[in-house]
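Structure assessment
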Amino acid sequence: TKVAVLISGTGTNLQALMEQTKKPSSAAEIVVVISNRPGVLGLKRASLAGIQTRVVDHKLYGSRSEFDSTIDRVLEELGVELVCLAGFMRILTGAFVRKWNGKLLNIHPSLLPSFKGVNAQKQALLAGVRITGCSVHFVAWVHFNSYYTADINTELNLMAIVFYLSQEEVDAGAIIVQEAVPILTSDTEDRLAERIREAEHRAFPAALELVASGAVRLGEDGHIIWNQ
Ligand code: GRF
């Protein structure tokens with residue numbers, strides 16, 4: 001399975017994915033690394049590994065949709081079948097997520113659905129939980145069932161839809177792999193983030209193999225299907 005990895009910075013998750021897909025047993029091949037920022041360490045890691053890179057600098061685009069369609073063009077040109085967001089710090093448009101529904105994986109440094117959004121590690125510390133972790137999930141396309149479309153003309157339903165769609169569903173979507181990470185009483189945000197990252201570097205490669213090998217896929221209803 002041809003894979004693209006999208007990054008924005010250091011690329012330690014990218015590094016873990018490259019090491020995993022180099023194994024002869026891997027079902028995945030990383031064919032391109034795309035960064036929305038030039039000159040980041042992740043691009044050097046890819047080049048050192050002999051993987052072609054592209055920079056699609058979001059500052060050069062007038063709109064999110066132009067940025068996303070440029071990314072999409074690169075993916076299509078290279079015959080990409082799966083996309084891994086590895087420390088990618090952009091929110092993708094609904095159109096892009098819809099097109100790549102079931103083929104778009106993201107890593108988030110918390111046990112979803114807890115602590116969505118930015119600074120998930122800090123959120124966990126502030127919440128006083130004793131266990132946090134990381135989650136690899138399909139990036140959800142926010143969809144609603146026929147209930148809403150059945151009688152769309154009533155004011156209430158229209159408001160419900162507007163409210164529903166306005167909830168930027170970031171870090172939502174069917175969960176593929178999670179790994180728990182204990183929070184130590186001595187933990188600072190940095191120490192905890194580092195320990196979660198070690199878990200990420202196991203969870204993301206595991207999730208990529210599950211999806212690339214077909215062991216796991218996203219069902220029509222947005223839930224995970226395990227091919228037993
Ligand atoms: C990681 O903490 C990951 O959870 C988040 O991006 C951070 C940096 O990842 N999504 P990387 O080192 O660039 O892979």
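The chain has the name phosphoribosylformylglycinamidine cyclo-ligase in an unreviewed UniProt entry, where Bagarius yarrelli is given as its organism.

In terms of regular secondary structure, the chain is built from eight helices and nine strands. Counting across all 228 residues of the chain, residues that qualify as buried make up 45%. Considering only residue pairs separated by 6 or more positions, the chain has 67% of its internal contacts joining residues 24 or more positions apart. Accessible surface, the chain: about 11,700 Å² in total, of which carbon and sulfur atoms supply 55%.

Summarising the element assignment, Arg-197 is placed in helix 8 (residues 189-212). For the pair Arg-197 and Val-181, spaced 16 residues apart in sequence, the C-alpha separation works out to 9.8 Å.

Before going further, it helps to examine unusual backbone geometry. With the exception of glycine, most residues fall at negative phi, and the peptide bonds are largely trans. In the segment running from Leu-112 into Pro-113, the intervening peptide bond is cis, with an omega of 5°. Inspection of the secondary structure assignment puts Pro-113 in the loop between strand 5 (104-108) and helix 5 (120-127). Unlike most non-glycine residues, Asn-119 shows phi in positive territory, near 55°. By the element assignment, Asn-119 lies in the loop between strand 5 and helix 5. Look at Asn-119 and you get partly exposed, because its relative accessible area is 44%.

What follows is about the site of the ligand. For the ligand, the full set of nearby residues is Thr-10, Gly-11, Thr-12, Asn-13, Gly-87, Met-89, Ile-107, Pro-109, Gln-121, Arg-197 and Glu-200. One nitrogen or oxygen atom from the main chain of Gly-11 is found 2.9 Å from an oxygen atom belonging to the ligand. Contributing elements (two or more residues each) for the shell around the ligand: helix 1 (12-21) and helix 8. Across the shell around the ligand, the residue classes break down as three nonpolar, six polar and two charged.

In spatial order, the strands read 3-2-1-4-5-6-7; together these seven strands make up an open sheet with mixed pairing. Looking at strand neighbours, the two that pair on one side only are strand 3 (53-55) and strand 7 (175-182), the edges of this open sheet. In this sheet, adjacent strand axes meet at a mean angle of 20° when their direction is disregarded. Pairing geometry for strand 1 (residues 2-7) and strand 4 (residues 82-85), over four bridges, is parallel. Its bridge partner being in strand 4, Ala-4 is matched across the sheet by Val-83. Each of strand 1, strand 2 (29-35), strand 3 and strand 4 touches helix 3 (residues 64-77); the most contacted strand, strand 2, lies at about 160° to it. Across the face of the sheet, helix 8 comes into contact with strand 1, strand 4, strand 5, strand 6 (131-138) and strand 7 while running at roughly 155° to strand 7.

Cut-offs applied
Residues numbered from 1 in each chain as written. Predicted model: local features only at pLDDT ≥ 70, side-chain atom pairs only at ≥ 80, totals over all residues. Heavy atoms only, no water. Helix = DSSP H or I, 4+ residues; strand = E, 2+ residues; numbered from the N terminus. Buried < 20%, exposed > 50% of the residue type's maximum accessible area, 1.4 Å probe, protein only. Contact = heavy atoms within 4.5 Å. Areas by Shrake-Rupley, 256 points an atom, 1.4 Å probe, with all protein chains shown as cover. Near = heavy atom within 4 Å. Polar contact = N/O pair within 3.5 Å; in protein donor to acceptor, adjacent residues only side chain to side chain. Nonpolar A, V, L, I, M, F, W, Y, C, P; charged D, E, K, R; others polar. Pairing = 2+ DSSP bridges. Axes fitted to C-alpha atoms, helices over the stretch in contact; angles between N-to-C directions.

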